[in-house]
Amino acid sequence: MSHIIGIDLGTTNSLCGVFLGDKPRLIPNALGKMLTPSVVAVLEDGQILVGEAARELRVTQPDRCASTFKRLMGSDARVEMAGRAFTAPELSSMVLKSLKADAEKFLAEEVTDAVITVPAYFNDNQRKATKVAGELAGLKVRRIINEPTAAALTYGFHDRNAEKKLIVVDLGGGTFDVTLMEVFEGTLEIVSTSGESFLGGEDFTNRLVSVILKQLGMQLELAELQEPLRVARLRQQCEDAKRRLSEQTDVEVKVPEKDGTLPEKARTVKINRETFAAAVKPLLDRIAGPIGKALRDGRSEAQEVDDVILVGGATRMLPLVDFVRDYFGREPEATFNPDEVVCLGAAVQAALIADNRAVDDMVMTDVCPFTLGVNTAKEMGGQVKTGYFVPIIHRNTTIPVSKEHVFSTMVPNQQEVLVDVYQGENRKVENNLKIGELRVTGVPPGPAGQEIYIRFTYDLNGILEVEAYVAKSEKKFRAVLTQHAADLTDAELEAAVANLQTLKYYPREDQANQKLLRFAERMVGEVSPYQREQFEDAIDMFEQAMGTGDRETVENARSTLEQILAMLGIDPDQASGGASFE
Ligand code: AMP
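Source: prediction; values computed, not measured.

### Observations concerning the overall build of the chain
Step number 1: Regarding its fold elements, the chain presents 16 helices and 28 strands.
Step number 2: The C-alpha radius of gyration of the chain comes to 26 Å, within 12% of the 25 Å expected for a compact globule of 582 residues.
Step number 3: For the chain, the C-alpha atoms occupy an extent of roughly 90 × 55 × 55 Å along the three principal directions.
Step number 4: Each of the 582 residues in the chain was classed as buried or not, and the buried ones make up 52%.

Structural data, given as structure tokens:
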């Protein structure tokens, strides 16, 4: 059987891995890099470009590019790209297709099956959308797993003979997850998971922006409205400063003008580690909430945790490291690169699914990260009040799980019941997230109080099936949680695949050239006017050469362009990516 690949489909970057021999490893992309930016573009000739080259193009031709579409998964939103509208699963499928091609090249075999990771807080629609994305890319999605679970799996796999408690603290760009896990005799048991879906590295950057604006006598919310260009550029400066503060004790931040420009003699503000730590203190207090909840749900104390594992780019921030050290009273672990650990765990999960002998002594169990239930009415003091959330599957129940709850009709001869399905922790449904509904019709006439059984089945992928059963009529209803674009029928899926097949992908082997071309184009505005003509001539020549398809011509033009870049003191490897271009 061919290998099952593990994919970390990230908001900013995506990675692909596979279990080879006796351990998980990462698969390089066409440029030899492990991280593929989750950016796609449509070129002038209609070809699809994915990754670094697309990210370069985003700077000069943003209307041809799409990024951060992971945030739109599970919604009906469409993204315009070169005049065509795409759904988030379609755009994600382009990234997945590119990773699949990298894996096929690396393994020298066709790849058909994959495990894909999602944030733990991803709801039903978002998980289904991820599955659809895989299918659109020609991949059978064997399992959707939670990102912190995957990270825990990497550590658990390497430490499986130990008997310990691990906690994974995962702070990404926009989200925070914490997962408590126990390892004993090869069994990796996820005990509890918690998080906040709107708390991440970006908020720390924003605190810095706020502090600097305050020093200038401005308030962030107001400045954002009145001087959006200044704030946008200052945010870029602060993102960069925040990263530098992970290495340096103090940094200088240049304050842009109102129009967003940064003159040579721009005013600067000095920020040291102490100022940064004080500024982000309220955010660290918020981090404590989900950590406490995960520990309480797992009936554990902070001191009982043996290893604290940091995952996600934002855990490189020193105030966060200090906070975690204080909270648990031990030095956090970062044996694995926080950018890679999720993907490696997906590859371990793939090996478990494939019954790989190297992991046959391992068993892994996961939990449902949130409570799932329905909207009901309650009778209180003779009055019927609606909008109450009744849990059916409680958070941190080990999955797969199937649970039933009996409800009854409220009024005589009630023929119809609408089962509204919610996810969340609040006792009122209005504060939870509606994920779908099920209409139960044909309830036989009779007095109020007829029994209706509602069954929730939550599978290993975190996908929910809802069934209703009317006791008297013996009629069964299955939920079709069809509120969103992700719920495609087989025929619709086939049509979507056929539609995407009309797209042509830029050849994998030429991606390095495409990246260099787009990078050079971006640099045109940066070189001095008297060097510009020569530079542009070299770019034109390179572009023309790429059009000929003749290897030697391309190589010659490429080396000329590289020489000119070197002469101008521009290093293509240095400049691509970086915070300031995100
Ligand atoms: P992720 O979603 O895991 O890629 O996390 C991205 C977040 O990590 C962003 O908010 C970045 O600002 C942050 N980040 C990445 N590298 C660093 C660093 N060296 N120091 C501080 N924050 C970082």
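Still to come is the rest of the account.
### A word on the site of the ligand
Step number 1: Among the 13 residues in the neighbourhood of the ligand, the closest are listed as Glu239, Lys242, Ser246, Gly313 and Ala314.
Step number 2: Measuring from an oxygen atom of the ligand, one finds a backbone N or O atom of Ala314 at 2.9 Å.
Step number 3: Here a nitrogen atom of the ligand sits 3.4 Å away from a polar atom, N or O, in the side chain of Arg316.
Step number 4: Against a free-state accessible area of 500 Å², the protein chains account for coverage of 80% of the ligand.

### A closer look at the sheet that holds strand β12 (residues 164–171)
The strands making up a sheet associate through hydrogen bonds between their backbones, and the pairing can be parallel or antiparallel.
Step number 1: Strand order in the open sheet formed by 6 strands is β17-β12-β13-β14-β18-β21, and the pairing between neighbours is mixed. Only two strands of the sheet have a single partner each, and these edge strands are β17 (307–311) and β21 (398–399).
Step number 2: Of the pairings in the sheet, the one linking β12 to β17 comprises 5 bridges and is parallel in character. Its bridge partner being in β17, Ile167 is matched across the sheet by Val308.
Step number 3: Sitting on the sheet, helix α4 (residues 147–158) is in contact with β12, β13 (176–184), β14 (187–196), β17 and β18 (363–367), with an inclination near 140° to β12.

### Concerning the pattern of salt bridges
Step number 1: If you walk through the whole model with that rule in mind, you get 35 salt bridges.
Step number 2: Here Arg325 makes a salt bridge to Glu331, at a shortest N to O gap of 2.8 Å.
Step number 3: Look at Arg325 and you get partly exposed, because its relative accessible area is 28%.
Step number 4: A single salt-bridge network, built from bridges that share partners, covers Lys33, Glu52 and Lys515.

### A look at helix α3 (residues 124–136)
Step number 1: If you check α3, its first and last C-alpha atoms are 18 Å apart, about what 13 residues at 1.5 Å a residue would give, namely 18 Å.
Step number 2: With respect to burial, α3 is a largely interior element, 11 of its 13 residues being buried.
Step number 3: Among the residues of α3, Asp124, Asn125, Gln126, Arg127, Lys128, Ala129, Thr130, Val132, Ala133, Gly134 and Leu136 are the ones counted as buried.
Step number 4: Immediately beyond the C-terminal end of α3, within one or two residues, lies Gly138, with a positive phi of roughly 80°.

### Observations regarding the sheet that holds strand β19 (residues 372–380)
Step number 1: Pairing in this open sheet of 4 strands is antiparallel, and the strands run β20-β19-β23-β24 from one edge to the other. What marks the edges here is a single partner per strand, and that holds for β20 (383–393) and β24 (433–440). Ignoring strand direction, the axes of neighbouring strands in this sheet form an average angle of 35°.
Step number 2: Sheet topology places strand β23 (residues 417–423) next to β24; 7 bridges connect them, and they run antiparallel. Bridge pairing in β24 places Asp420 opposite Glu437.

### Topic: helix α1 (residues 52–60)
Step number 1: Among the 9 residues in α1, 7 count as buried, and that is most of the element.
Step number 2: Considered for burial, the residues of α1 that qualify are Glu52, Ala53, Ala54, Arg55, Glu56, Leu57 and Arg58.
Step number 3: The elements touched by buried residues of α1 are β2 (13–20), β4 (36–37), β5 (40–42), β6 (47–50), β7 (65–66) and α13 (511–523).

### Things to note about the nonpolar core
Step number 1: Membership of the largest hydrophobic core comes to 46 residues, with the highest contact counts inside it found for Ile167, Ile271 and Phe328.
Step number 2: Each of two domains, domain 1 (4–199 + 282–367) and domain 2 (201–281), supplies a minimum of three residues to this core.
Step number 3: For Ile271, the residues in contact, after removing those within four places along its chain, are Leu208, Val211, Ile212, Leu245, Thr249, Asp250, Val251, Val253 and Phe276.
Step number 4: Counting 41 residues, the second-largest nonpolar core is a separate cluster that includes Val79, Leu96, Ala103 and Val132.

### Observations regarding the side chain of Ser300
Step number 1: Looking at the secondary structure, you find Ser300 in the loop between α9 (281–297) and β17.
Step number 2: By relative accessible area, which is 7% here, Ser300 ends up buried.
Step number 3: Within the structure, Ser300 has its side chain in polar contact with the side chain of Lys165 (distance 2.8 Å).
Step number 4: Each residue touching Ser300, except ones within four places of it in the same chain, is listed here: Lys165, Leu180 and Leu295.

### Regarding the pairing of β13
Step number 1: The element β13 is largely enclosed, with a buried count of 7 among its 9 residues.
Step number 2: Relative to β13, β12 runs antiparallel, the two sharing 8 bridges. Bridged to Lys164 within β13 is Val183.
Step number 3: The antiparallel pairing of β12 with β13 creates a hairpin that spans 4 residues between the two strands.
Step number 4: With 9 bridges connecting them, β13 and β14 associate as antiparallel partners. Bridge pairing links Met181 to Ile190 in β14.
Step number 5: Between β13 and β14, which pair antiparallel one after the other, the connecting turn spans 2 residues, and Glu185 there sits at a positive phi close to 45°.

What counts as what
Residues numbered from 1 in each chain as written. Predicted model: local features only at pLDDT ≥ 70, side-chain atom pairs only at ≥ 80, totals over all residues. Heavy atoms only, no water. Helix = DSSP H or I, 4+ residues; strand = E, 2+ residues; numbered from the N terminus. Rg over C-alpha atoms; globule rule 2.2 N^0.38 Å. Buried < 20%, exposed > 50% of the residue type's maximum accessible area, 1.4 Å probe, protein only. Near = heavy atom within 4 Å. Polar contact = N/O pair within 3.5 Å; in protein donor to acceptor, adjacent residues only side chain to side chain. Areas by Shrake-Rupley, 256 points an atom, 1.4 Å probe, with all protein chains shown as cover. Pairing = 2+ DSSP bridges. Contact = heavy atoms within 4.5 Å. Axes fitted to C-alpha atoms, helices over the stretch in contact; angles between N-to-C directions. Salt bridge = Lys/Arg side-chain N within 4 Å of Asp/Glu carboxyl O. Expected span 1.5 Å × (residues − 1). Core = buried A, V, L, I, M, F, W, Y, C linked by side-chain atoms within 4.5 Å. Domains from an automatic or database assignment.

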